[in-house]
Amino acid sequence: MAEAFASWLEARGGRLHSKLDLFKELPSGDRGVVATEDVKEGDLLLLLPITATLFIPKEDELSKRPDAFRPAVRYLRESHPSLSPFLATTLALMAEVAQGADSPFAAYVATLPDGCPDCLLNWTDAEKADLEGTALEQSGPDPVADAFSRHVAPVLAARPDLWPGLAEEGGSKEAGKGGKGGKGLQAFLRAAALVQSRAFHLEAENWVSGAKEITRLEAGGTQVFLLPGIDMINHSHNPARRNAHLQRLNVAQAAAAALVEGGAPEGVEAYFVMRADKPIAAGEEVLHTYGNLSDAQLLQTYGFVDSEDSFAAASTSAASGSGSGSGDAGEGGSRKKRAKTGKEAAAGKEAEAEGAGGYRNPYNAVLVPWEAVEQVCGSMLKSMGQAPPASLQRAKEEFLASAGVLQAAAPAATQFVLLAQEPLPDELFTAVQVVLMTKEEFNELKREHASSSAATGGKKEAPSKGASPAKGKGPAKGKSPAKGKGKGKGKGAEEEEAPADVEAGAGPSDGGEAAAPAPAPKLSLGTALLEEDEDFAEMTCIATLQVLSACVDRYPTAPKEDVRLLKSPDCTGRKRLAVRVRLGEKDVLQLAKKAVVELMKKLRDGTAGKKAEAGSEEGEEDEEASGSEEDEEEGSEESEEEEAPKKGKGKQAAKAKPAAAAKGKGGAAKGKAAGAGAKAPARKKQRRGLGAAKEGNAMEAEEEAMEEDGDDGLLMGSDDSEKVGYGGDVDFDDGIGEAHDRGKAHPAPKD
Ligand SMILES: C[S@@+](CC[C@H](N)C(=O)[O-])C[C@H]1O[C@@H](n2cnc3c(N)ncnc32)[C@H](O)[C@@H]1O
């Protein structure tokens, strides 16, 4: 197979480094690319002409050189232009597989595995039940069967010449519904798993001129490429172990780099180029990154997770069929434990020395629904005898949507994204505060926000990173396979332009990405209000903790139970993967709770705003812009209660800049006083009637519960969190919202 592939590649104008085994069987049972002899830094590992790749071209590409594309590809482009790039590429692969030895891609098809065994689309309903509460919890109809019966089966039925033997008996309507389906569904499941776990998602570009493509593809705005040979390279989260990267070059660039002698073969207008970033020693695996993805995303798309636990070795060696996968420390559910090289064993010891946690994926994330905020805060206000009328609740939702805190298109469906590195996003904290405000405070806030927006000339900030639109951002719950990621940063082909680095990535797109909505002026309350109103601070912190607790309650198990499961030799395969995903999410929730408690402590001892005062200059500018004194006056008219001092503490708080006090490792609400120009309304000390909400000392109770969950050091929010997983040198400020927005280009690795 290896030889046939190398000859096939060469015949198409490609090249493979002579010191590489592309299909090396790894001790894990998986395959990977391994150096057979030392490879030098900068060496070309694999040169792949675009004509040796499978993808759906843009209309102009196709019309320019129709013969360069396979008949199924042409048919799909011409007759089904609205199919998503993922589905179209899956169908293109199905056609080559179905053509067998007659396919010019037969040598590539022979290199492909049976599928992606642990990718989510292969999990049974019973196995998926272990993912309850996580970002991967499924709801609604099975997206795979649905996509098959609605989009794929009709294509197979219409052109049996292109997809021989795959048309479903009984017609397309019933295809894929229940049961295992026929050959068509089976072929689709395999191809979809392969495209999901192996394809690269790149921005659509004009390969010839290098001009950035402005028009988008009908569906998705990305092109999905299957890159033979390059798709054999495994993922590593560890920059120290990664040693290769991918570029795409136009012909001129490839010639300038002396990669093509005597000109490119007929029809070749671009190349994919894999190079060694550093020397690769004989026996070492070639590794690159699939992106900064959470365990849920990795599991969904690739069937493994990045996090490791220190029980894995014991339990997986005791139970076959589970353990670390290939490439890196990730856990693949159905593979043997990977034998450790000397270096890895040393790294493992180091990890053990670091604490009980092992490596934790720093890109893990949790989604907190706006609905939970409304419910928790509503109950709290009710318990205080201040249940807000429905009209006020609606007004607050509308305002938060217009102020960029909730997504504009469907505010009720907003999910706040909590990241391991920023577990308490300001959007969540702002939303809780607004919901807890009295009508008067809310009206005042609206006025302040309107006047500061006007003063900044409608200058808008980027939409909230922490608030996730229901579609597109966030690991879409119950949605079909994640959308594509991976990156084609470069412009393609202008000679003087730098070659475009390409980040590995794969994953289906679900059929289209809506045009980005215009960014809303963003409100950010931070901690300013809390610094001047102790009762309000207490309410906000308790409500936020309760929201987080409600999220913890979504999972069928407590963290301790998950830890017990991981310790058990019976917890193997997909079950183990599911436990790792939910424990990773609980880690983030625990970090968020810890951040709230720390913030509350700082608010109580009055240190929360200290650093913020240093940044008051800017705050003053804001103040001038919005004429806050007048606004405060105006607001005060409406207050039936005690007025906050207009100078001094209250004033400072209103000007406060990000409350560093609340930040810390856990990230906690970065308290901008009022975000993009909006100012905190003048505070009136309210008698909040906190008695009921505080009954039983809610803060302390939450703290105890946290300690209970984290006291064995197994959650990152517990005290040894700093020792596990989170390197200080990694820039995490890339917004997991983007990473979750899999239709978008993914940030390049930063190593
Ligand atoms: C692009 S393919 C890489 C080649 C693949 N190993 C093969 O044998 O064909 C991606 C798949 O490789 C496996 N893989 C890659 N990196 C991994 C890692 N760090 N841990 C576990 N499995 C990994 C997963 O099964 C994933 O779906």
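Since the structure is predicted, the reported quantities are computational estimates derived from the model, not experimental observations.

A.B. asks: In this structure, what is going on with the overall build of the chain? I would like to understand it.
C.D. replies: The helix and strand tally for the chain stands at 28 helices and 20 strands. Looking at the 751 residues of the chain, the share that counts as buried comes to 57%. Contacts spanning at least 24 positions in sequence make up 80% of the contacts within the chain whose residues lie at least 6 apart.

A.B. asks: Explanation requested: the packing of helix α3 (residues 71-79) against helix α4 (residues 85-99) in the structure shown.
C.D. replies: To describe two helices that pack against each other, one gives the angle between their axes and the distance between the axes. For the pair α3 and α4, the least separation of the axes is 9 Å and the interaxial angle reads 150 degrees. Viewed along their axes, α3 and α4 adopt a mutual orientation that is roughly antiparallel. Crossing angle aside, the handedness with which α3 passes α4 is right-handed. Between α3 and α4, the contacting residues are A72, V73 and L76 on the first element and A88, L91, A92 and A95 on the second. Of the residues contributing to the contact of α3 with α4, the split by class is seven nonpolar, no polar and no charged.

A.B. asks: For this particular structure, what's the right way to read the packing of helix α16 (residues 426-436) against helix α19 (residues 534-552)?
C.D. replies: Contact geometry for α16 and α19: axes closest at 10 Å, N-to-C directions at 120 degrees. Here α16 is positioned oblique relative to α19, judged by the angle of their axes. Here α16 runs over α19; the crossing is right-handed. For the pair α16 and α19, the contacting residues are F429, V432, Q433 and L436 in the first and M539, T540, A543, T544 and V547 in the second. Residue classes in the contact of α16 with α19 are distributed as six nonpolar, three polar and no charged.

A.B. asks: What is the right way to look at the environment of D587 in this model?
C.D. replies: Topologically, D587 is positioned in helix α21 (residues 573-604). Distance in space between the C-alpha atoms of D587 and P559 is 8.6 Å, their sequence separation being 28 residues.

A.B. asks: Help me understand α19, please; the structure alone is not making it clear to me.
C.D. replies: What sets the pattern is the α-helix's 3.6 residues per turn: residues three or four places apart point alike. With 19 residues, α19 extends 27 Å from end C-alpha to end C-alpha; this agrees with the ideal 27 Å at 1.5 Å per step. Counting buried residues along α19, 14 of its 19 residues qualify, which places the element largely inside the surrounding structure.

A.B. asks: What should I look at first to understand the nonpolar core in this one?
C.D. replies: Generally speaking, a soluble globular protein has its nonpolar side chains buried in company with each other. Core analysis: the largest hydrophobic core is formed by 165 residues, its most contacted members being L91, A92, M94 and V432. Take this core: its biggest share by element is 15 residues, from α21. When residues are assigned to domains, this core turns out to be shared by domain 1 (2-232 + 238-288) and domain 2 (365-463 + 520-558 + 588-703 + 712-727), each giving three or more. Sequence-distant contacts of M94, that is, excluding residues within four places in its chain, are made with W163, L166, A187, F188 and A191.

A.B. asks: How do you make sense of the pairing of strand β15 (residues 415-419) when you look at a structure like this?
C.D. replies: On a regular strand, one side chain projects to one face of the sheet and the next to the other, so that they alternate. Of all five residues in β15, five are buried, a share of seventy percent or more. Of the two faces of β15, the one carrying Q415, V417 and L419 and the one carrying F416 and L418 are both buried. Bridge analysis of strand β14 (residues 365-369) against β15 gives five bridges, and the strand direction is antiparallel. Within β15, the position partnered with L367 by the bridge is V417.

A.B. asks: When you look at the environment of G184 in this model, what are you seeing that I'm missing?
C.D. replies: Relative to the helices and strands, G184 is located in helix α9 (residues 183-198). According to the C-beta neighbour criterion, G184 is buried, with 25 such atoms within 10 Å. Taking the C-alpha atoms as reference points, G184 and P164, separated by 20 residues in sequence, lie 9.6 Å from one another.

A.B. asks: Hey, could you run me through the confidence of the model for the chain in this one?
C.D. replies: Parts of the prediction with low pLDDT should not have their coordinates interpreted in detail. Residue-level pLDDT values for the chain average 71, and 60% of them are 70 or greater. Element-level pLDDT for the chain is lowest in helix α28 (residues 736-740), with a mean of 22, against a maximum mean of 97 in helix α5 (residues 106-109). With pLDDT under 50 throughout, residues 171-179 is counted as low confidence; its partners more than four residues away or in other chains account for 20 contacts. Reported confidence for the predicted complex is 0.99 by ipTM and 0.72 by pTM.

About the criteria used
Residues numbered from 1 in each chain as written. Predicted model: local features only at pLDDT ≥ 70, side-chain atom pairs only at ≥ 80, totals over all residues. Helix = DSSP H or I, 4+ residues; strand = E, 2+ residues; numbered from the N terminus. Buried ≥ 20, exposed ≤ 12 C-beta atoms within 10 Å, placed from the backbone. Contact = placed C-beta atoms within 7 Å. Axes fitted to C-alpha atoms, helices over the stretch in contact; angles between N-to-C directions. Parallel < 35°, antiparallel > 145°, perpendicular 65-115°, else oblique. Left-handed = near helix turned anticlockwise from the far one by under 90°. Nonpolar A, V, L, I, M, F, W, Y, C, P; charged D, E, K, R; others polar. Expected span 1.5 Å × (residues − 1). Core = buried A, V, L, I, M, F, W, Y, C linked by C-beta atoms within 7 Å. Domains from an automatic or database assignment. Pairing = 2+ DSSP bridges. pLDDT = per-residue confidence, 0-100.

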